[in-house]
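Each chain is listed here by its residues.
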Amino acid sequence: MWPKFFALITIACLSSSYGYAGKYNSILSIGDPMPTFERLPSVSGETLSSSDLTSEVVVLVSLANHCPWVRGMDPQLVSLANQFKDRDVTIVGFGVNHREDDRLSAMKKHAQEQGYNFPYVYDESQELGRKLGATRTPEYFVFNREGKLVYMGLITNSPAKVTFGGSIKHINGKPTEFYVSDAIEATLAGKPVAVAETRAHGCSVKYEN
Amino acid sequence: MLAGLCAMMLTACQESENADTIPATGEPVMDRMASVTLSDWPSVRNRYRGKILVADLWASWCISCIERFPAMVELSRRYREQGVQFISLNLDDPTDAEALQWSNEFLQKVNADFPHYHMHENLMRSFEALNLLGIPVVLVFDGEGKERFRLTGDNPNRQFGDKDVEHAIQSLL
């Protein structure tokens, strides 16, 4: 009986390792530490390392220039950075894809066109993206002062994309829940985040083998 | 008589112009995808019971889906004789007419000669109900309708490729 029991436990353990860590993330769970990264090149010509991020709250967001969902939600991201520009909050966008239109030179152009008011770095090795389990763009990760993950997922409850006609269309009309903004405010106030995980919605990140 | 000849020539020219604008297949572009709802989805799959069913989930905004679609068309032809049925399920926003038009034209362009469906539901609701994080996703069902493979990009370290689709099919043949 015991060998059978242990075999079942082993199978259960192996199975769970193939499941999800977070509700919608195969790598990270709420409370996990922020992954470290070294000298990622930014669109401004400087480099950024995780050790540079000493704010009360750090927000990392995966982006991709080509993605209609990123372009549709860029105005919300720029507004978010404006909203917290005088608070102890740092927002960092990062690109992961190797497509030509998602690489650093295209990122520079995109940041300028969209009025990005935050550092935008290129994770060419894809190491940061992998460590975060970031599989969609845009996907938000909010960390507190101790560098622990307090929120991951959508920016609001109504993702938006740019249509073929060039207009911005929200899936659920005007957003009514502002997950990232609420998570930042709660963390700054030393309170727990009410909604810690949502299902990010956007283009898939393509990881190279 | 001259007037009659001119009229005949004019008619011939008009017909020739019309012929150029009609799609080669003669089918209206918007008829490529059958509209289904989430509650229809199990019965759609049931239509193909007895065959290995490969369902390609895609949308016009998903560039990876678009890029790999021709490979799915190629696979569908290669395995058709062995009783493998391909279908596609488009997840474009049902209220985005431009996206649906584009998707229909795309299917015509790539000559994807297997059944196509469009999920006529709120996009976030579809993703929740089908338990999707992102697309492309390929679902492979066995002849009894059981989902045997769910090929996704949900784990950065285990994203699927065309070979994985083929391996999944071969393992069920």
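Q: Where do I start with the nonpolar core in this structure?
A: Counting residues in hydrophobic clusters, the biggest one holds 89 residues, and the most contacted among them are V59, Y140, V142, Y151 and V180 of chain A together with V54 and V138 of chain B. Excluding residues that lie within four positions of it along the chain, V54 of chain B makes contacts with V84, F86, V138, V140, V165 and I169 of chain B.

Q: Just to check I follow, could you spell out the sheet that holds strand β3 (residues 84-90) of chain B for this structure?
A: The pairing of strands in a sheet happens through backbone hydrogen bonds and is either parallel or antiparallel. Residue and element names in this part refer to chain B. The mixed open sheet is built from six strands, whose spatial order is β1-β4-β3-β2-β5-β6. If you trace the sheet from one side to the other, it starts and ends with β1 (33-36) and β6 (147-151), each paired once. Averaged over neighbouring strand pairs, the angle between their axes works out to 25 degrees when direction is ignored. Pairing between strand β5 (residues 137-141) and β6: four bridges, direction antiparallel. Bridging across to β6, V138 finds its partner in L151. Its contacts with the sheet put helix α6 (residues 162-172) on β2 (52-58), β3, β5 and β6, and the angle it makes with β6 is roughly 170 degrees.

Q: So what exactly am I meant to see when it comes to the interface of chain B and chain A here?
A: By a widely used convention, the size of an interface equals the accessible area lost when the partners come together. Taken together, the contact between chain B and chain A spans 24 residues of the former and 24 residues of the latter. Secondary-structure elements contributing two or more residues to the side of chain B that touches chain A are α3 (63-79), α4 (97-109) and α5 (123-129) of chain B. Of the residues forming the side of chain B that touches chain A, the biggest block, four residues, is contributed by α5 of chain B. Taken together, the residues of the side of chain B that touches chain A sort by class into 12 nonpolar, seven polar and five charged.

Q: Please explain unusual backbone geometry as it appears in this structure.
A: Trans is the prevailing form of peptide bonds, just as negative phi is the prevailing case for residues other than glycine. A cis amide bond links T137 of chain A to the next residue, P138 of chain A, at an omega of -5 degrees. Relative to the elements of secondary structure, P138 of chain A occurs in the loop between β6 (136-137) and β7 (139-143). Put simply, I135 of chain B and P136 of chain B share a cis peptide bond, and its omega is 10 degrees. In this fold, P136 of chain B is placed in the loop between α5 and β5. Here the phi dihedral of R39 of chain A falls at roughly 45 degrees; this positive angle occurs in a residue that is not glycine. Inspection of the secondary structure puts R39 of chain A in the loop between α1 (2-17) and β1 (40-41). When the 11 C-beta atoms within 10 Å are taken as the criterion, R39 of chain A is described as exposed. A positive phi angle, close to 65 degrees, is found at Q126 of chain A, a residue other than glycine. Along the chain, the position of Q126 of chain A falls in the loop between β5 (120-122) and α4 (127-132).

Q: Any chance you could explain the packing of α3 of chain B against α6 of chain B here in plain terms?
A: In a packed pair of helices, the relevant descriptors are the angle between the two axes and the axis-to-axis distance. Residues and elements named next belong to chain B. Look at α3 against α6: their axes get within 10 Å of each other, and the N-to-C directions meet at 25 degrees. As far as their axial angle goes, α6 and α3 are roughly parallel. Regarding α3 and α6, the two cross each other, and that crossing is right-handed. Across the interface between the two elements, R68, A71, L75 and Y79 from α3 touch D162, V165, E166 and I169 from α6. In the contact of α3 with α6, the residues fall into five nonpolar, no polar and three charged.

Q: Explain the sheet that holds β7 of chain A to me, please; I cannot follow it from the model alone.
A: All names here are of chain A. Read from one edge of the open sheet, five strands run β5-β4-β3-β7-β8, paired in mixed fashion. Looking along the sheet, the strands with just one partner apiece sit at the ends: β5 and β8 (149-153). The mean angle between the axes of side-by-side strands here comes to 20 degrees, regardless of whether they run parallel or antiparallel. Here four bridges tie β7 to β8, and the two strands are oriented antiparallel to one another. The residue of β8 that forms the bridge with F141 is M152.

Conventions used here
Residues numbered from 1 in each chain as written. Chains lettered and ligands numbered in written order. Predicted model: local features only at pLDDT ≥ 70, side-chain atom pairs only at ≥ 80, totals over all residues. Core = buried A, V, L, I, M, F, W, Y, C linked by C-beta atoms within 7 Å. Buried ≥ 20, exposed ≤ 12 C-beta atoms within 10 Å, placed from the backbone. Contact = placed C-beta atoms within 7 Å. Pairing = 2+ DSSP bridges. Helix = DSSP H or I, 4+ residues; strand = E, 2+ residues; numbered from the N terminus. Axes fitted to C-alpha atoms, helices over the stretch in contact; angles between N-to-C directions. Nonpolar A, V, L, I, M, F, W, Y, C, P; charged D, E, K, R; others polar. Parallel < 35°, antiparallel > 145°, perpendicular 65-115°, else oblique. Left-handed = near helix turned anticlockwise from the far one by under 90°.

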